[in-house]
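One-letter residues, chain by chain:
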Amino acid sequence: MMTTPRSRLLPPALWAILILCVLPELVLQGADFGLWGSPHWRSLVYGWAGFWPGLLHDWRPNYPGQAWAMFVTYGFVHGGVVHLGVNMISLVSLGRAVVDRLGQSGFAVLYAISLLGGGLGFGLLTNTTIPMVGASGALFGLAGAVIVWALIDRSEAHQTLWPVIRAVIWLVAMNVILWVATGGQLAWQTHLGGFVAGAVAGFWLDRRAGDAAVQR
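All values derive from a computational prediction rather than experimental measurement.

Draft legend 1. A look at the packing of helix H1 (residues 12–32) against helix H2 (residues 41–49). The contact between H1 and H2 brings their axes to 9 Å, and the two run at 145°. Facing Glu25, Val27, Leu28, Gln29, Ala31 and Asp32 of H1, the residues of H2 in contact are Trp41, Arg42 and Val45.

Draft legend 2. Quick peek at the pattern of salt bridges. Per the stated rule, a full pass over the model turns up five salt bridges. Note that Asp32 and Arg42 form a salt bridge whose closest N and O atoms lie 2.8 Å from each other. In this pair, Asp32 is assigned in helix H1 and Arg42 in helix H2, connecting sequence segments 10 residues apart. You can call Arg42 buried: its relative accessible area is 12%. In this structure, Glu156 engages Arg207 in a salt bridge whose closest nitrogen and oxygen atoms are separated by 3.6 Å. In this pair, Glu156 is assigned in helix H5 (residues 136–156) and Arg207 in helix H7 (residues 188–215), connecting sequence segments 51 residues apart. Classification of Glu156 by relative accessible area gives exposed; the value is 52%. Here the residues in one salt-bridge network are Glu25, Asp32 and Arg42, joined through shared partners.

What counts, and at which threshold
- Residues numbered from 1 in each chain as written.
- Predicted model: local features only at pLDDT ≥ 70, side-chain atom pairs only at ≥ 80, totals over all residues.
- Heavy atoms only, no water.
- Axes fitted to C-alpha atoms, helices over the stretch in contact; angles between N-to-C directions.
- Helix = DSSP H or I, 4+ residues; strand = E, 2+ residues; numbered from the N terminus.
- Contact = heavy atoms within 4.5 Å.
- Salt bridge = Lys/Arg side-chain N within 4 Å of Asp/Glu carboxyl O.
- Buried < 20%, exposed > 50% of the residue type's maximum accessible area, 1.4 Å probe, protein only.

Shown next, in the form of C-alpha cells:
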C-alpha cells in the first residue's frame, strides 16, 4: 500500500479555506450557465457579500451589520474561474510555507488578520463605488509574512538580502502590470493593506512562537 508523504498533503486549515472559496464560485458558475438558479445570483451575492466602500459612509446596507460582515465575506467570493484559480494556486503555495512555520492555528490567525487588513486598506484608500471581492488581500498578507521571515532569517544568518528585495520588487511590478492590464480595476489597496497587516502579524506570531519554544 502506497502512502502519500506528509509534505504533499494539504493541511485541514488550507482545505477549509479552499472549500469556502471554491464552493461559492462553483454555485455561481452553474447559475451563470443556467444549470440551476438564476444568472442574477452573481450580482446578488456581490451585493450581499462584496466589499462596498459606500457602506462605510452613508449607504444603506442590505442587512444589519453588513458594513462589518463585508470585511470577512468579500474574501470568499471571486470574479470568475480565472480569478479564483490564480488565488487558490497562490493559497496552496503560500499556505504551506505559513503552516510549516506557524502551524495550522497560526496560519488561521494570520489569514484572518490579513483578510481584515485587506478590507481596511481598501476602505481607507479607494475612491471607487465598485465592490471588491477575492482572497488576494489575505494572500498578500501571507506573502508579507513570508517575506518578513525571509528577511529575519537571512539577516540572522548574515546572508544577502537581495532575494528578499527582489521578491518585493516583483510584487510591486506585478501589481503595476495588472493595474494597467485591467484598466485600473485592480484593488491594489486591498493588496497593500493585506501585505502590511500580514507582515506585522507574521513578525508578531513568529516571535511569539519562538518565545513559547524557548520557555518549553
